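Close look at the chain arrangement
Letter by letter, the chains look like this.
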Amino acid sequence: MVRQFLITGTLILLAAMGCQEEPTGEVTIDEGAITGPASPTPYALEVPAYFPAPIDDPENPLSEEGIALGRHLFYDAGIFSTEGTMSCATCHKQELAFTDGFGRAIGVRGEPGLRSAMSLVNLAFNPNGFNWDGSEEKLWRQAIHPVEDMLELDNDWEEVIHKLREHEDYPARFRAAFGIDNKEEINQELTVKALAQFQRTIISANSKFDRVFYQNTDFFTEEEQLGADSLFFVENVPPGTLHPGCGHCHNAPQFGDNKFKNNGITDVASIYDFVDKGRGDITGNPFDNGKFRTPTLRNIALTAPYMHDGRFATLEEVIDDYAAGGHGVENEDPNITGFTLTDREKRALLAFLNTLTDESLLTDPRFAPPE
Ligand code: HEC
Ligand code: HEC
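Keep in mind that what you see is a predicted model, and the values were worked out from it rather than measured.

Attention now goes to the UniProt feature "binding site: heme c 1" (unreviewed entry) in the chain. Mapped onto this numbering, the UniProt entry gives "binding site: heme c 1" (unreviewed entry) at Cys88, Cys91 and His92. Within the secondary structure layout, cysteine 91 lies in helix α4 (residues 88-91). In this structure cysteine 91 comes out as buried when scored by relative accessible area, which is 15%. Setting aside residues up to four positions removed in sequence, cysteine 91 forms contacts with Met86, Phe98, Thr99, Asp100, Ala105, Ile106 and Ala117. Following the sequence through the fold, histidine 92 ends up in the loop between α4 and α5 (139-142). When sequence neighbours within four positions are dropped, the list of residues in contact with histidine 92 reads Phe74, Phe98, Thr99, Ala117, Met118 and Leu120.

The subject of this paragraph is the packing of helix α2 (residues 64-74) against helix α9 (residues 188-200). At a minimum axis separation of 7 Å, α2 and α9 run at an interaxial angle of 100°. When the axis of α2 is compared with that of α9, the two are roughly perpendicular. Contact residues: Gly66, Ile67, Leu69, Gly70, Arg71, Leu73 and Phe74 in α2; Thr191, Ala194, Leu195, Gln197, Phe198 and Gln199 in α9. A class-by-class count of the residues in the contact of α2 with α9 yields seven nonpolar, five polar and one charged.

Here the focus is the packing of helix α7 (residues 157-166) against α9. The N-to-C vectors of α7 and α9 enclose an angle of 80°; their axes lie 10 Å apart at closest approach. The angle between α7 and α9 falls in the class roughly perpendicular. On α9, the residues touching Trp157, Ile161 and Leu164 of α7 are Gln188, Thr191 and Val192. For the contact of α7 with α9, the per-class residue count stands at four nonpolar, two polar and no charged.

Bringing unusual backbone geometry into the picture now. The amide bond that connects alanine 252 to the next residue, proline 253, takes the cis arrangement and shows omega of 0°. With respect to the helices, strands and loops of the structure, proline 253 is situated in the loop between α11 (222-232) and β1 (260-261). Alanine 304 connects to proline 305 through a cis peptide bond whose omega is -15°. One non-glycine residue, asparagine 131, lies in the positive phi region at around 80°. Within the secondary structure, asparagine 131 sits in the loop between α4 and α5. According to the relative accessible area criterion, asparagine 131 is partly exposed, its value standing at 24%.

Thresholds applied
- Here the residue numbers are simple positions, counted from 1 along each chain's written sequence.
- In the order they appear in the text, chains get letters beginning with A and ligands get numbers beginning with 1.
- Given that the model is predicted, a residue must reach a pLDDT of at least 70 before its local features are reported, and side-chain atom pairs must reach 80 or more before they are shown or counted; all residues, however, enter totals for whole chains, interfaces and linings.
- Hydrogens and water are ignored here; the side-chain numbers use all heavy atoms of the structure.
- UniProt positions are given in the numbering used here, feature names are shortened, and annotations may be inferred rather than shown by experiment.
- Each helix is a run of H or I in the DSSP string that is no shorter than four residues. Each strand is a run of E no shorter than two, and both are numbered from the N terminus.
- Each residue is placed in one exposure class: buried if its accessible area under a 1.4 Å probe, protein chains only, is under 20% of its type's maximum, exposed if it is over 50%, and partly exposed if it falls in between.
- Any two residues whose heavy atoms approach within 4.5 Å at even a single point are treated as in contact.
- Lines fitted to the C-alpha atoms define the axes, with helices restricted to the stretch that makes contact. Angles between their N-to-C directions range from 0 to 180 degrees.
- Here is the rule for angles: anything less than 35 degrees is roughly parallel, anything more than 145 is roughly antiparallel, 65 through 115 is roughly perpendicular, and the remaining ranges are oblique.
- Polar here means any residue outside two lists: the nonpolar Ala, Val, Leu, Ile, Met, Phe, Trp, Tyr, Cys and Pro, and the charged Asp, Glu, Lys and Arg; Gly therefore counts as polar.

Following this line, the structure appears as structure tokens:
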């Protein structure tokens, strides 16, 4: 079939060139050859002036075609799961700021995993490794594992690559994105690189906070202002004053410094007793046990339940836990001090956290499933 098409194609091409000669019949035809455009169009991320420069990835430069391919892959349940029931978007839903609404993510076999699905916004600005424990240094390599997770045990990446090579549409997309000539060149690395290219474009920078603070096009209510100035970002208080000071770790503009910390949520007898050792499992240093990457609080009102294991259902619970001030484990961060809030202050802190929601992200057609 493919062979026939290629021969016909060659004839048409020869005819179009005005060449009268019949093909000799000895032309070797490459069954896996892909035709169509092969020069990716470089793409520069649109970064708001108030964001730092994105972290470069020279191994995986962005192109329009790479991003488009990544978006197709991100939403393609047929390619990535055996039953055709699961894609990246199953656990990373646009309307939930690319989380899934579950405490711990539910895998293809219907059982919860260890950790909560992370939001995927502003990944291009994270220098400290991906996943809650920073286990994956490169964004593109991060996608290898979830694909394995989405497959039944008897299935693997080879099957995914096979489906991609035999697909009617993907080979041309891979050629357009990476300039390859043959289906055999479609591999795991190009697949996850395309996924990473799409994910790097997911930038969230248009919350009410951004409009008030950076764009000067909106105003905080009195309550939101109180939450920002006197609670979230509070600095310069008399020594010994206890205050939330969330901004020490969740600092603007990303609202998460991506550093590994123990924020005091787990009551264990010693640093050796964490069920999920987090960063400690990566570095092998027991002092890193129970430390997790400080995540962004952008869109936090949409991404419940909270923490690496989804232990808190609401932001009220989160605030109450921080107010209680940790459990005295030796590697708890010194900024976990405990504090008391009046009802009015608690409402104000919540109101401020709600200004971090970027509604435009949730319906941005560039991040939605492709038609
Ligand atoms: C079953 C649900 C599930 C599926 C499906 C899934 N993820 Fe995730 N994702 C998670 C969980 C859980 C984490 C946190 C993992 C950890 O810390 O160990 C995560 C973390 C991530 C991160 C890290 C974000 C950060 O800030 O470090 C990225 C990137 C990501 N996923 C991309 C993807 C891509 C791409 C796919 C599809 C190939 C995918 N995910 C499929 C649940 C899922
Ligand atoms: C010492 C640094 C530090 C301070 C101070 C801090 N946090 Fe955190 N925050 C973290 C870390 C680290 C995590 C991830 C912990 C985990 O998942 O185990 C986190 C997680 C969170 C989460 C869950 C995010 C998610 O995606 O599930 C919320 C919500 C949050 N913090 C809100 C706050 C608020 C509100 C304050 C102020 C009252 C605050 N934080 C103060 C370090 C800090």
